[in-house]
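Given next are the chains, with one letter for each unit.
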Amino acid sequence: MTKIEPELIRRWLNGWTVARALPEAEPVESAGDGLRSECDQPGREVEVFALRADEEPESLARLAAAVAAARQATWLTVPTLRPDTVEAVVGAAGLELLHRSEWFMTTDLAEHPQHAPAAPYERKVHMEGPVTVVSLHDSRGDVAARGTIAVVGTDAIADRIETDAAHRRRGLGRAMMSALAEAALAQGARTGLLIASEEGQRLYSSLGWRHQADVLIARGPVVSSHR
């Protein structure tokens, strides 16, 4: 594989915006081939996602220039199989590289291994709108781990997978991903999609998730509101 398919990025982004209750992403006007999401977070008001960074470097350069010139605090997320090239392009545009080692990963949910949480942990599953939330609780009822998954069509986008530092190395990550996969299958999903932090990559790989691309994340310069 020489590039990541733009449609795969679109599918992940469709689910990610649902998972985070964000407006549907829209095309970036008069720039490269990308999508723009209103994140409305301090220091991350807007995020732009490059769709064809590997096959159209000039498109990425236009997106990076648009991010650099944005009046709002804007991030640029780039799935790629050519991270060195992408790093050079975003650097030339004056963007600050935040993350270089994240992975875009997929899996066949029907083949996802199942792991129940060991005692004394218990699993709770509930819906928050269209999003399934799984939490693992200790014997005192405190949340030891939490994660969400959003199903869009046959895709399930896992997001915000977290284990409390005091409860790590107890198999809770495996139990969490198993519960999320089970919930997604019950809703008709077949393909799992996620962007993995460097810390999560070993866990997801051990559960059969496959690396599709590296993901680089950069941000534009902070623009003073007093200009």
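Residues numbered from 1 in each chain as written. Predicted model: local features only at pLDDT ≥ 70, side-chain atom pairs only at ≥ 80, totals over all residues. Heavy atoms only, no water.

Student: I would appreciate a short explanation of the overall build of the chain in the present structure.
Tutor: A count of helical and extended segments in the chain gives 5 helices and 11 strands. For a compact globule of 227 residues, the expected C-alpha radius of gyration is about 17 Å, and the chain comes in at 18 Å, within 12% of that figure. Dimensions of the chain along its principal axes, counting C-alpha atoms only, are 55 × 45 × 30 Å. When burial is assessed residue by residue, the chain has 46% of its 227 residues classed as buried. If you take every contact in the chain between residues at least 6 apart in sequence, the share linking residues at least 24 apart comes to 66%. As displayed, the chain offers around 11,300 Å² of accessible surface, 47% of which is attributable to carbon and sulfur atoms. In the chain, 25 side chains carry a positive charge and 32 a negative one; their mean positions are 3 Å apart. (Helix = DSSP H or I, 4+ residues; strand = E, 2+ residues; numbered from the N terminus. Rg over C-alpha atoms; globule rule 2.2 N^0.38 Å. Buried < 20%, exposed > 50% of the residue type's maximum accessible area, 1.4 Å probe, protein only. Contact = heavy atoms within 4.5 Å. Areas by Shrake-Rupley, 256 points an atom, 1.4 Å probe, with all protein chains shown as cover. Lys, Arg positive; Asp, Glu negative; His and termini not counted. Charge placed at Lys NZ, Arg CZ, Asp CG, Glu CD.)

Student: Would you mind going over the sheet that holds strand β8 (residues 143-152) with me for this structure?
Tutor: Sheet strands pair by backbone hydrogen bonding; their relative direction is either parallel or antiparallel. Within the open sheet, the 11 strands sit side by side as β1-β2-β3-β4-β11-β5-β10-β9-β8-β7-β6. Their pairing is mixed. Both edges of this open sheet fall to β1 (26-27) and β6 (122-128), since each of them pairs with a single strand only. Sitting on the sheet, helix α3 (residues 83-92) touches β4 (74-80), β5 (96-108) and β11 (210-219), and the angle it makes with β11 is about 15°. Where helix α4 (residues 172-186) meets the sheet, its contacts fall on β6, β7 (131-137), β8, β9 (155-163) and β10 (191-196), and the angle it forms with β8 comes to roughly 30°. (Pairing = 2+ DSSP bridges. Axes fitted to C-alpha atoms, helices over the stretch in contact; angles between N-to-C directions.)

Student: What exactly am I supposed to notice about the confidence of the model for the chain here?
Tutor: Detailed conclusions should not be drawn from predicted coordinates in areas where pLDDT is low. Residues with a pLDDT of 70 or more make up 96% of the chain, whose mean pLDDT is 94. By mean pLDDT, the top-scoring element of the chain is β10 (98), and the lowest-scoring one is strand β2 (residues 34-41) (93). (pLDDT = per-residue confidence, 0-100.)

Student: I would appreciate a short explanation of the nonpolar core in the present structure.
Tutor: One broad trend across soluble globular proteins is that nonpolar side chains are buried collectively. Core analysis: the biggest nonpolar cluster contains 25 residues, and A156, M177, A184, L194, Y204 and W209 have the highest contact counts within it. Elements supplying a minimum of two residues to this core: β7, β8, β9, α4 and β10. When residues of this core are assigned to their parent elements, the largest contribution, 8 residues, is made by α4. Ignoring any residue separated from it by four or fewer positions in sequence, one finds M177 in contact with H112, A158, I161, L194, L203, Y204, L207 and W209. If you look at the next biggest cluster of nonpolar residues, it comprises 19 residues, including I4, L13, F104 and I157. (Core = buried A, V, L, I, M, F, W, Y, C linked by side-chain atoms within 4.5 Å.)

Student: Mind showing me how you'd approach the pairing of β6 here?
Tutor: Moving residue by residue along a regular strand, the side chains alternate between the two faces of the sheet. Strand direction decides the pairing type here: β6 and β7, joined by 7 bridges, are antiparallel. For H126, the partnering residue across the bridge sits in β7 and is V133. Between β6 and β7, which pair antiparallel in sequence order, lie 2 residues; one of them, G129, sits at a positive phi of approximately 65°.

Student: Explain α3 here, please?
Tutor: Turn by turn, an α-helix covers 3.6 residues, leaving residues three or four places apart pointing in a common direction. Three or more residues of α3 are buried, namely P83, V86, V89 and V90. Axial view of α3: buried residues confined to an arc of 125°, hence all on one face. For α3, the exposed residues lying more than 90 degrees away from the buried face are D84 and A92. The secondary structure elements touched by the buried residues of α3 are α2 (57-69), β4, β5 and β11. Phi turns positive, to about 85°, at G94, one or two residues after α3. (Arc of directions from axis to C-beta.)

Student: What is the right way to look at the environment of A92 in this model?
Tutor: Tracing the backbone through its elements, the reader meets A92 in helix α3. Taking the C-alpha atoms as reference, A92 lies 38 Å from D164; in sequence the two are 72 residues apart.

Student: Honestly, the pairing of β9 in this entry has me stumped. Any pointers?
Tutor: Where β8 meets β9, 7 bridges bridge the pair, whose relative direction is antiparallel. Of the residues in β9, the one forming a bridge with V151 is A156. A loop of 2 residues connects β8 with β9, the two strands running antiparallel in sequence, and G153 in this loop sits at a positive phi of about 65°. As paired strands, β9 and β10 are joined by 3 bridges and run parallel to one another. Among the inter-strand pairings, I157 is bridged to a residue of β10, identified as L193. Taken together, β9, α4 and β10 form a β-α-β motif whose crossover is right-handed. (Right-handed = clockwise from strand over helix to strand, strands pointing away.)

Student: How should the layout of surface pockets be read in this particular structure?
Tutor: Empty space left among the atoms is revealed by rolling a probe the size of a water molecule over them. Reported here for the largest pocket is a volume of approximately 1,200 Å³. Residue lining of the largest pocket: 36 residues in total, with I161, S197, E199, G200 and Y204 positioned closest to the centre. For the lining of the largest pocket, the secondary-structure elements that each account for two or more residues are α1 (6-19), β3 (44-50), β4, β5, β9, α4, β10 and α5 (201-206). Per element, the largest residue contribution to the lining of the largest pocket is 6 residues, and it comes from β9. Partitioned by chemical class, the residues of the lining of the largest pocket number 13 nonpolar, 9 polar and 14 charged. (1 Å grid on protein atoms, 1.4 Å probe; cavity = no way out; pocket = protein on both sides within 12 Å on 5 of 7 lines; lining within 4 Å. Points joined across faces, edges and corners; volume = space filled by probe spheres on them. Nonpolar A, V, L, I, M, F, W, Y, C, P; charged D, E, K, R; others polar.)

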